[in-house]
Amino acid sequence: MKRVLITGAAGFLGSHLCDRFIKEGYSVIGMDNLITGDLKNIEHLFKLKEFEFYHHDVSKFVYVPGELHYILHFASPASPIDYLKIPIQTLKVGSLGTHNLLGLAKAKNARILVASTSEVYGDPMVHPQPEDYWGHVNPIGPRGVYDEAKRFQEAITMAYHNFHGLETRIVRIFNTYGPRMRLNDGRVLPAFIGQALRGEDLTVFGDGTQTRSFCYVDDLIEGIYRLLMSDYHLPVNIGNPDEITIAEFGEEIIKLTGANQQLVFHPLPTDDPKQRQPDISRAKSILGWEPTINRSEGLKRTYAYFKSLTPEELHRTAHRFA
Ligand code: UDP
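What's the story with the packing of aromatic side chains in this structure? I'm lost.
For any two aromatic rings, the description comes down to two numbers: the centre-to-centre distance and the angle of the planes. Under the criterion given, the structure shown has 13 aromatic pairs. Centre to centre, the rings of Y121 and F174 are 6.1 Å apart; their planes meet at 40°, and the pair counts as tilted. Highlighted residues: Y121 in the loop between β5 (111-117) and α4 (144-164) and F174 in the loop between β6 (168-173) and β7 (176-177), separated in sequence by 53 residues. Given a relative accessible area of 1%, Y121 falls into the buried group. Relative accessible area serves as the criterion here: at 2%, F174 is assigned to the buried category. An aromatic cluster of at least three residues, connected via ring pairs, comprises Y177, F192, F214, Y216 and F249. One cation-aromatic arrangement involves R20 over Y225; the distance from NZ or CZ to the ring centre is 4.4 Å.

Below, the structure written as structure tokens:
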């Protein structure tokens, strides 16, 4: 049985990856320091003998006994609110954490995939964003702690590939949504759904003309799985190119939830990118991957998840790390 280490295992993407690798017949080690993750997301896996959990901060030396075949590094705060609250940890997990995991991969002769982000493109001057665009990033702005940690992560991952011959993969993840997002994580979808559920108006930042392109989590996990299994070491964008303005997105959530509320406009946060859409030509040609779940289906599934939570669970997802 092949063994895989998944960092950030109790988070939104990490927990879905754990499920996927268990389903594929792997033995999974989940690792998380639980700062932004929630054990509730992986509670169902604890009864399985193929699953182990290590409560550990990967910014410190990482020790895993026994064989390891794959490492997926998904530990990081990933929403602007989180990394504004814990900027130093955000920098450390992307830099020191990545270094530790690359060292572990080298020691175990394992293949490693690191989670990068569309934030490496910053507030992009090229649209849509292909992988060979170098980006337009403010290193000292509020998003700099995340963006530059992820850019450093890509640099050190490429260095381990080139210098040590390590098998590395880099996925650049665009906005993704689905079950297990935290209601209060600051991202636009949980913010809007939470507001709809509480009967509050939906807070649009800026004039709502900024765009994003939202990918349903199952599509993203499929793309990551294919990338890990491929022999391609350069960065690959994974996301859904279906672009929408944030104001239109708010209207869609109002329609979906049947809420009577309206959009209310708040100031745009500093360095909030004006547009974002992945160019997924590379993923299509190298991985044969493209998204299959459209926004209306994905939003239905996500809303059903939030509605199915008990009041205690809703409270937990709304107030964790508040
Ligand atoms: N946004 C918004 N209202 C909210 C939360 C976010 O209008 O309550 C906007 C935010 O300013 C950004 C977009 O929605 O333009 C996506 O924000 P998110 O934090 O989800 O992701 P990112 O900015 O990292 O793409």
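That was the structure; now back to the text.
Looking at this model, I keep getting lost on the site of the ligand. Mind explaining?
Close to the ligand lie 18 residues, the nearest being T203, F205, R212, D272 and R276. R143 is positioned such that a nitrogen or oxygen atom in its side chain is 2.9 Å from an oxygen atom of the ligand. In the model, an oxygen atom of the ligand is placed 3.1 Å from a nitrogen or oxygen of the R187 side chain. In isolation the ligand exposes 520 Å². Once the protein is present, 97% of that is buried. For the shell around the ligand, the elements supplying multiple residues, two or more each, are α5 (188-198) and β8 (202-205). A per-class count over the shell around the ligand returns eight nonpolar, four polar and six charged.

Explanation requested: the environment of I244 in the structure shown.
For I244, the location among the structural elements is in strand β12 (residues 243-245). Since its relative accessible area comes to 4%, I244 is described here as buried. Residue contacts for I244: discarding those within four places in its chain leaves Q210, T211, R212, F214, F249, E252 and R295.

How should I be thinking about the packing of helix α7 (residues 246-257) against helix α9 (residues 295-308) in this particular structure?
What describes two packed helices is the angle between their axes and the distance between those same axes. Interhelical geometry of α7 versus α9 gives an angle of 55° and a closest axis separation of 11 Å. Accordingly, the angle class assigned to the pair α7 and α9 is oblique. The element α7 and its partner α9 pack so that their crossing is right-handed. Every residue of α9 that contacts α7 at F249, E252, I253, L256 and T257 is listed here: R295, L299, K300 and Y303. Across the contact of α7 with α9, the residue classes break down as five nonpolar, one polar and three charged.

What's the story with the sheet that holds strand β11 (residues 236-238) in this structure? I'm lost.
Strand-to-strand pairing in sheets goes through backbone hydrogen bonds, with the strands running parallel or antiparallel. A sheet is described by the order of its strands in space; here seven strands give the open sequence β3-β2-β1-β4-β5-β6-β11, paired in parallel fashion. If you trace the sheet from one side to the other, it starts and ends with β3 (51-55) and β11, each paired once. Adjacent strand axes in the sheet meet at a mean angle of 20° when their direction is disregarded. With four bridges connecting them, strand β4 (residues 70-73) and β5 associate as parallel partners. Across the sheet, the residue bridging to Y70 is R111, located in β5. In this fold helix α1 (residues 12-23) packs onto β1 (3-7), β2 (27-32), β3, β4 and β6, with an angle of close to 170° to the strand it touches most, β1. Its contacts with the sheet place helix α6 (residues 217-229) against β4, β5, β6 and β11, and it is angled at close to 160° to β6.

Cut-off values and rules
- Residues numbered from 1 in each chain as written.
- Predicted model: local features only at pLDDT ≥ 70, side-chain atom pairs only at ≥ 80, totals over all residues.
- Heavy atoms only, no water.
- Phe/Tyr/Trp six-rings, centres within 6.5 Å; stacked < 30°, edge-to-face > 60°.
- Helix = DSSP H or I, 4+ residues; strand = E, 2+ residues; numbered from the N terminus.
- Buried < 20%, exposed > 50% of the residue type's maximum accessible area, 1.4 Å probe, protein only.
- Lys NZ or Arg CZ within 6 Å of the ring centre and 35° of its normal.
- Near = heavy atom within 4 Å.
- Polar contact = N/O pair within 3.5 Å; in protein donor to acceptor, adjacent residues only side chain to side chain.
- Areas by Shrake-Rupley, 256 points an atom, 1.4 Å probe, with all protein chains shown as cover.
- Nonpolar A, V, L, I, M, F, W, Y, C, P; charged D, E, K, R; others polar.
- Contact = heavy atoms within 4.5 Å.
- Axes fitted to C-alpha atoms, helices over the stretch in contact; angles between N-to-C directions.
- Parallel < 35°, antiparallel > 145°, perpendicular 65-115°, else oblique.
- Left-handed = near helix turned anticlockwise from the far one by under 90°.
- Pairing = 2+ DSSP bridges.

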